[in-house]
Amino acid sequence: MKKISLFIGLLAAGMQYAQITFEKGYFINNAGERTEASIKNLDWKNNPTEFEYKLDGSSDVKKENIKNIQEFGIDSLERYVRKTIMIDRSSDHLNRLSENKAPEFKEETLFLKYLVEGKSSLFYYESGDTRRFFYSTDDGSVKQLIYKPYAINESQIGYNEDYKKQLSESLTCGVDLKMIKKTDYEPADLTKIFITYNECSTGHSLSYGQSKVKKDLFNLSLRPGVNFSTVENNYHYYSVNDKTRFGSKAAFRIGAELEFILPFNKNKWALFVEPTYQYYKNNTEFSIVDGSSSGKITKRSVDYKSLEIPFGVRHYFFINEQSKIFINAAYVIDFEFNSAITYDQTEFKISSGNNFAFGAGYKYQDKYSVEFRMGMSRNLLRNYFNFASDYRTISLILGYTLF
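Caption draft 1: A look at the overall build of the protein. When you go through the protein residue by residue, the secondary structure sums to four helices and 24 strands. Split into buried and exposed, the 403 residues of the protein put 42% on the buried side. Look at the contacts in the protein between residues 6 or more apart in sequence, and 58% of them connect residues 24 or more apart. For the protein, the exposed surface amounts to about 21,900 Å²; the carbon and sulfur share of it is 54%.

Caption draft 2: Structural detail: helix α4 (residues 187-201). Taking 1.5 Å per residue, 15 residues should reach 21 Å; α4 reaches 21 Å between its end C-alpha atoms and fits that length. Turning to α4, its buried residues are Leu190, Thr191, Ile193, Phe194, Tyr197 and Asn198. Contacts from the buried residues of α4 go to β7 (105-117), β8 (122-127), β9 (130-136), β10 (142-145), α2 (162-170) and α3 (177-181). Among the residues trailing α4, Gly203 stands out with phi positive, at a value near 80 degrees.

Caption draft 3: Summary view of unusual backbone geometry. Positive phi is not limited to glycine here, since Asp43 has a value of about 45 degrees. Positionally, Asp43 belongs in the loop between β2 (34-40) and β3 (50-55). Residue class for Asp43 comes out buried when judged on its relative accessible area of 9%. One non-glycine residue, Gln365, lies in the positive phi region at around 55 degrees. Inspection of the secondary structure assignment puts Gln365 in the loop between β22 (355-364) and β23 (368-379). By relative accessible area, Gln365 is classed as partly exposed at 40%.

Caption draft 4: Quick peek at the nonpolar core. Ranked by internal contacts, the top residues of the largest apolar core, which has 17 residues, are Leu122, Phe133, Leu145, Leu167 and Phe194. For this core, the secondary structure elements donating two or more residues are β7, β8, β9, α2 and α4. Among the elements that make up this core, the one with the highest residue count is α4 (four residues). The contact partners of Leu145, leaving out residues within four places of it in the chain, are Leu122, Phe133, Phe134, Tyr135, Tyr163, Gln166, Leu167, Tyr185, Leu190 and Phe194.

Caption draft 5: View of empty space enclosed by the protein. This model, assessed by the stated rule, comprises three cavities of 30 Å³ or more. In this model, the largest cavity occupies a volume close to 120 Å³. Of all the secondary-structure elements, those providing two or more residues to the lining of the largest cavity are β18 (295-318), β22, β23 and β24 (387-401). In terms of residue count, β23 provides more of the lining of the largest cavity than any other element does, four residues in total. Tallied by class, residues from the lining of the largest cavity come to five nonpolar, five polar and four charged. Put simply, the second largest cavity is a space of about 60 Å³. Around the second largest cavity, the lining residues are Ser221, Arg223, Glu257, Arg314, Tyr316, Phe326, Lys363, Ser369, Gly399 and Thr401. Contributions of two or more residues to the lining of the second largest cavity are made by β14 (218-237), β18 and β24. In terms of residue class, the lining of the second largest cavity is built from two nonpolar, four polar and four charged.

Caption draft 6: Fine view of the pairing of β23. Of the pairings in the sheet, the one linking β22 to β23 comprises eight bridges and is antiparallel in character. Along β23, the bridge assignment pairs Tyr364 with Tyr368. Where β22 hands over to β23, the hairpin turn is made up of three residues, of which Gln365 adopts a positive phi near 55 degrees. In the sheet, β23 pairs with β24 via 10 bridges, with the strands oriented antiparallel. When the bridges of β24 are listed, Arg373 appears paired with Ser395.

Caption draft 7: Fine view of the packing of aromatic side chains. In this structure the tally under the stated criterion is 29 aromatic pairs. Measuring from ring centre to ring centre gives 6.3 Å for Tyr280 and Tyr391, while their planes differ by 75 degrees; the resulting arrangement is edge-to-face. With Tyr280 in strand β17 (residues 276-289) and Tyr391 in strand β24, the pair connects residues that are 111 residues apart, well separated along the chain. One exposure class covers both Tyr280 and Tyr391, and it is buried. Members of the aromatic cluster, connected to one another through ring pairs, are Phe27, Trp44, Phe51, Tyr53, Phe72, Tyr80 and Phe111. Note that Lys54 overlies the ring of Phe22, its terminal NZ or CZ placed 4.5 Å from the centroid. The ring of Phe272 has Arg314 sitting right over it, with the charged end atom 4.2 Å from the ring centre.

Rules used throughout
Residues numbered from 1 in each chain as written. Predicted model: local features only at pLDDT ≥ 70, side-chain atom pairs only at ≥ 80, totals over all residues. Heavy atoms only, no water. Helix = DSSP H or I, 4+ residues; strand = E, 2+ residues; numbered from the N terminus. Buried < 20%, exposed > 50% of the residue type's maximum accessible area, 1.4 Å probe, protein only. Contact = heavy atoms within 4.5 Å. Areas by Shrake-Rupley, 256 points an atom, 1.4 Å probe, with all protein chains shown as cover. Expected span 1.5 Å × (residues − 1). Core = buried A, V, L, I, M, F, W, Y, C linked by side-chain atoms within 4.5 Å. 1 Å grid on protein atoms, 1.4 Å probe; cavity = no way out; pocket = protein on both sides within 12 Å on 5 of 7 lines; lining within 4 Å. Points joined across faces, edges and corners; volume = space filled by probe spheres on them. Nonpolar A, V, L, I, M, F, W, Y, C, P; charged D, E, K, R; others polar. Pairing = 2+ DSSP bridges. Phe/Tyr/Trp six-rings, centres within 6.5 Å; stacked < 30°, edge-to-face > 60°. Lys NZ or Arg CZ within 6 Å of the ring centre and 35° of its normal.

This is the structure in structure tokens:
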């Protein structure tokens, strides 16, 4: 219970001390009045419909939404503008493709995110699986760049790439057909081509959010540490209930972690996989009283070695520019080798199950880390009907990020 309380306390500390930042920004209401404010920067993956803010000199958190606000932004990082546009929300999933090549437009009022501002501006919208790009035309209207996969028949897919035609007709300075043909319906490609056009036509182009993009999305770290593990065996057969407790044993563990930082929500979310070698070796002996009341000594041992492969998700809470704490959860797949539990001369081959693990830790300068991790119950004798072997471990893990 003390260990569980420590784990919960560490998680609570993370939630308490991690700071959500309000960054310098502004918003413009329906009357055209501009207000300087600190905007709560959530680095939105999905385009927002509302936001929270603080006025200068006030600690009160207020909220505004798309009905009252025509534009808001955070310095040069984020800028959203309200537009009533025609949008096609046709699905890109293979089992839900439309059979119509033409876009199926509906009118909606949305906050569009600026990617490029200039003579012709580029906007982005994302919600769930819907990802759409929009651009401003010479008459000031905003239209969707059309890209749509559709079902020709049960075994054939077609692609409506009318956005290339739209680009060729609208971006006539510095942009040629060869360049347009190589332009995919992706932020980087479209941003590049709009910047090229704007700089050619007016010499001025402004792109948003470039400074906050984390380029090193993959991190490789060494993860040595110490496991504090216990094993408890239970044998049930009719009236027989034989329980053996092997005490807590400390053992070295060594792992390597590959972490992928998800490129949204200010790099607070990550996926990771961490192949780890671990072992537990212990033995015990005790006296058994048989029917004649004579005692005999029985020896029992555990020799367990395995390669664990946790697949998990992690969330960071930033304290400041150098420090952050994190929590994570993982599903652990275990591959044991040359492992057995022995009762006197009888050997039971270990065939372990998988389990879940939960951790919390601290990282400094994106280089050094320490984590406290707790593994849930794992059955080591799952192939034996009358046996259950409960393996649990708590780990102290150090980390050093190579790159």
